[in-house]
Amino acid sequence: MPIYLARRVLAAIPVMLVVAVFVFLLLRLTPGDPAAILAGDMATPEQLERIRATLGLNDPILVQFVRWIGALLQGDFGTSLISSTPVIDLVADRMWPTIWIALITITLSVIVAVPMGVVAAWKQGSWVDHLVMTFSVLGFSIPVFVIGYLLIKVFAIDLRWLPVQGYKAPSQDLAGFASRAVLPALTLASIYIALIARMTRASLLDVLNEDYVRTARAKGLTETRVLFRHALRNAAVPVMTVIGTGFALLISGVVVTESVYNIPGLGRLTVDSIFARDYPVIQALILLTSGIYVLVNLLIDLSYSLLDPRIRY
Amino acid sequence: MAEKTLRGAFPLSTRKISARIGIAPIIAAVVLLIIILIAIFAPLVAPHDPLLQNPIERLKPPSSDHLLGTDNYGRDLFSRVVYGARVSLVIGIGVTILSVVIGLAVGLVSGFFRTADAVIMRIMDGLMAMPSVLLAIAIVSLVGASIWTVMAAITIPEIPRVVRLVRSVVLTAREEPYVEAAIALGTSMPRVLWRHLMPNTFAPLTVQATYVCASAILTEAILSFLGAGVSTETPTWGNIMAEARVFFQLKPSLILWPGLALSLCILSINLLGDAARDVLDPRMGKRED
C-alpha cells in the first residue's frame, strides 16, 4: 500500500506539471502583447508597465516559468492585478460558500441516487426502472442553468417557499443559509444524481448475475440483505469511480450555479476574474480546481481497497 | 473487404435494431431533424428579424404576431430562438468533427507507438484534469470571442476523451493475429494504422461523437450564458438567456423557451447516442442475453 500510494502521488506530478505549463503558456502564446490583452484597449503605458512588472513579462519566458513554479511551490499564487491582494487571500475569502454547497450536493446526490439505481436494477424493466432511467437521461440533458431557473420559478416565484437568490453564511444565520442553499444544491445535484443512479444501476445489474448472489438467495437471505450486503458492496467500485470523474462536472456546474443564484463563491470569483482579465487569479483557480480533481480521484482510487478486499495494492 | 468491415461495425439487422432500442430514439431523431431544418430555413420559419428592436413592443406577452412574446428590446422571442438553433448546431457539429479527427489521429499514434504513448497520455491526463468550462472561458476571454475561437476553446477539452477511447481500441486490436500478419508481411505503418486498426474505432467513435456533440452544444450555451461566448449581437440560446437574467422574475419565459429548445436538442442527441451504443456495443448485447 505505501509503495502504491507513493507511485500514485508521483504519477500526479506530471499531470499537474502539464496543467501548469498549459496555464502558463495560455497567456504567453496568445497572439499579441500579453500586457495589452490583460489591460484592454484603454490602458495607459504606466498600466501596461505595471502589469509587465507584476507578471515579470519582461524576462525570458523560461526565467518567467521557473520563477513562477518556484513561487507556487512556496505557496505563493501571485497577486491579483485588479485588487492587488494575494490570490490566496481572495480564494480563502470566497471558498466557503462553494465548499458548503458542494458538500451538500455530494451528500444529497449519493443519498438520492444510490437507492434510485438499486431499485431500478432490482426491478429491471419495470416502470420504476423506466422512471429512473428517464430521470437520468433528463438530468444529463437539461443544462444546469435551465434547471436552476426552473427551480427558482417553481419554488421561489410561484410557490414563494424559498428566497430567489443570495447567500448567508451558516455561522451567521443557519436557517437563512439552509433556505438559500437548497435550490443551488438541488440544481447542482441533478446531473450528479443522473450520473450516479445510472452507474449504480448498470454495475448492480452486472453483479446480480454473479454466482454468489444466486447462492445468497438460495440460502434464503432476504432480498434487502442480498441487495445491500452482497450485491451493492461489490458494485461500489464503478460507482465510486463515476463520483470521481463526475467531480469535473461539479466544478463546471459550480461556476454556472453560483452565477444563477448570485452566490459569492469560487465560481463567481472565476467568472469575475475572467471578465476583469485578472490573469493571476484565473491561473490560480484553474490550477487549484485541477489539483482538487486529481486529489479527489486519487483518494477514490485508494478507497477501492476498502470497498473491495480483493483489490490490494 | 469494406463490406466486411461495415458488417463488423453494424452487426445487427434492422428488425433487431428497432426491437432493441424502442420508440424513444426514433422520436429523438425526428425532433433533431426538425431542429436542423428550422436552423437551415431560419429566415423562412422566423416571422420577424431576430435583431429588429422595437421599443414600443417591449416585454410583450405572447400574441398572434409574437408567438412567444418579445424581449426587453421588443425583439420577437420566437424568431430569436429559431435563429439560436444555428449557432448551437454549427458549434456542435464543428466541435464533433474537429475533436474526432484530431482525437482519432492522436489516439492511433498513441495506441500504436509505445514511445509516443507515454508523453501523449500525460498531456491528455493534464488536459482532462482541467475543468472544460473554465478552460474554454479562459481561452475565449484571452483570444477574443468569435465563433471560431469558441469552437477551438470547446474542442481542446473534448480531444482527450476521444484520444483515450481510440487508444484503448487500438491497444486491443494491435494484438490481433491479422495485425501481426500485416506487419509480418511488411505492410507499411501508415497502412496498418489506416487499413487495419482504424476501422475498429468506427463503432465506438460513432457513439462517442454523439456525446461530444451534446457536450459541445451545452458548453457553448454555458459560455454564452456567462457572457464569454460568441458576440451578444448573435442570437444564441445562451445569449438570449443571459440577457433575460435581469428580467427573470418579471418574465421567466424569456429564459425558459430558449432553455427548452436547448434541452430538447441535447436530449435528442443523447437519446440517439444511447441507442447507437445499445446497437453497436457488443458488451451491451451480452449483458441483455
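Residues numbered from 1 in each chain as written. Chains lettered and ligands numbered in written order. Predicted model: local features only at pLDDT ≥ 70, side-chain atom pairs only at ≥ 80, totals over all residues. Heavy atoms only, no water.

K.L.:
So what's going on with the overall build of chain B? Residues and values would help.
P.N.:
Scanning chain B from N- to C-terminus turns up 13 helices and zero strands. Each helix (α) and strand (β) of chain B, taken in turn from the N terminus, gives the series α-α-α-α-α-α-α-α-α-α-α-α-α. Expressed as a percentage of the 289 residues in chain B, the buried residues total 52%. Within chain B, residue pairs in contact and separated by at least 24 positions form 72% of the contacts whose partners lie at least 6 positions apart. With an accessible surface of roughly 13,400 Å², chain B has 68% of that area assigned to carbon and sulfur atoms. (Helix = DSSP H or I, 4+ residues; strand = E, 2+ residues; numbered from the N terminus. Buried < 20%, exposed > 50% of the residue type's maximum accessible area, 1.4 Å probe, protein only. Contact = heavy atoms within 4.5 Å. Areas by Shrake-Rupley, 256 points an atom, 1.4 Å probe, with all protein chains shown as cover.)

K.L.:
Provide a residue-level description of the domain arrangement of chain A, including the pertinent values.
P.N.:
Residues and elements named next belong to chain A. You can read the domains of chain A as domain 1 (2-73) and domain 2 (88-307). On a C-alpha basis, the centroid separation for the pair domain 1 and domain 2 is 32 Å. At the interface, 19 residues of domain 1 touch 13 residues of domain 2. Here domain 1 packs against domain 2, burying approximately 1,400 Å² in sum over the two surfaces, 74% of which is carbon and sulfur. Between domain 1 and domain 2 we count one salt bridge in total. One salt bridge connects R8 with D301, and the closest N-O pair in it is separated by 1.9 Å. In this assembly, domain 1 and domain 2 are joined by two residue pairs in polar contact (both at pLDDT 80 or more). Contributions of two or more residues to the side of domain 1 that touches domain 2 are made by α1 (2-29), α2 (34-39) and α4 (61-73). Of the residues forming the side of domain 1 that touches domain 2, the biggest block, 14 residues, is contributed by α1. Per-class residue counts for the side of domain 1 that touches domain 2 are 17 nonpolar, no polar and two charged. (Domains from an automatic or database assignment. Buried area = accessible area lost by both parts, 1.4 Å probe. Salt bridge = Lys/Arg side-chain N within 4 Å of Asp/Glu carboxyl O. Polar contact = N/O pair within 3.5 Å; in protein donor to acceptor, adjacent residues only side chain to side chain. Nonpolar A, V, L, I, M, F, W, Y, C, P; charged D, E, K, R; others polar.)

K.L.:
Describe the confidence of the model for chain B, listing the residues and the values that go with them.
P.N.:
Residues and elements named next belong to chain B. Here chain B averages 84 in pLDDT, while 90% of its residues score no lower than 70. Mean pLDDT in chain B bottoms out at helix α13 (residues 282-288), which sits at 43, and peaks at helix α5 (residues 77-112), which reaches 92. The model gives residues 1-8 a pLDDT under 50, and that stretch makes two contacts with residues more than four places away or in other chains. This model gives residues 284-289 a pLDDT under 50, and the stretch forms six contacts once residues within four places in sequence are excluded. Scored as a whole, the predicted complex attains pTM 0.86, and scored at its interfaces, ipTM 0.84. (pLDDT = per-residue confidence, 0-100.)

K.L.:
So what about the nonpolar core? Which residues, and what values?
P.N.:
Judged by nonpolar contacts, the single largest core of 159 residues is most densely connected at F145, I152 and L204 of chain A together with L197 and W237 of chain B. Among the elements that make up this core, the one with the highest residue count is helix α10 (residues 189-226) of chain B (17 residues). Residue contributions to this core reach at least three from each of two domains, namely domain 1 (2-73) and domain 2 (88-307) of chain A. Beyond its immediate sequence surroundings of up to four residues, F145 of chain A is in contact with V256 and V260 of chain A together with A221, I222, F225, M241 and L262 of chain B. (Core = buried A, V, L, I, M, F, W, Y, C linked by side-chain atoms within 4.5 Å.)

K.L.:
Run through the interface of chain B and chain A, naming residues and quoting values.
P.N.:
Every contact between the two is made by 45 residues of chain B and, on the other side, 46 residues of chain A. Our count for the chain B to chain A interface comes out at one salt bridge. Between R198 of chain A and D274 of chain B there is a salt bridge, with the nearest N and O atoms lying 3.0 Å from each other. Listed by contribution, the elements that provide at least two residues to the side of chain B that touches chain A are α6 (114-129), α7 (132-143), α10 and α12 (253-280) of chain B.

K.L.:
Go over the side chain of R201 of chain A, please, and point to the residues and values.
P.N.:
Here R201 of chain A is to be found in helix α8 (residues 174-208). Discounting chain neighbours no more than four positions away, the residues touching R201 of chain A are G117, A120, A121, Q124, D129 and M133 of chain A.

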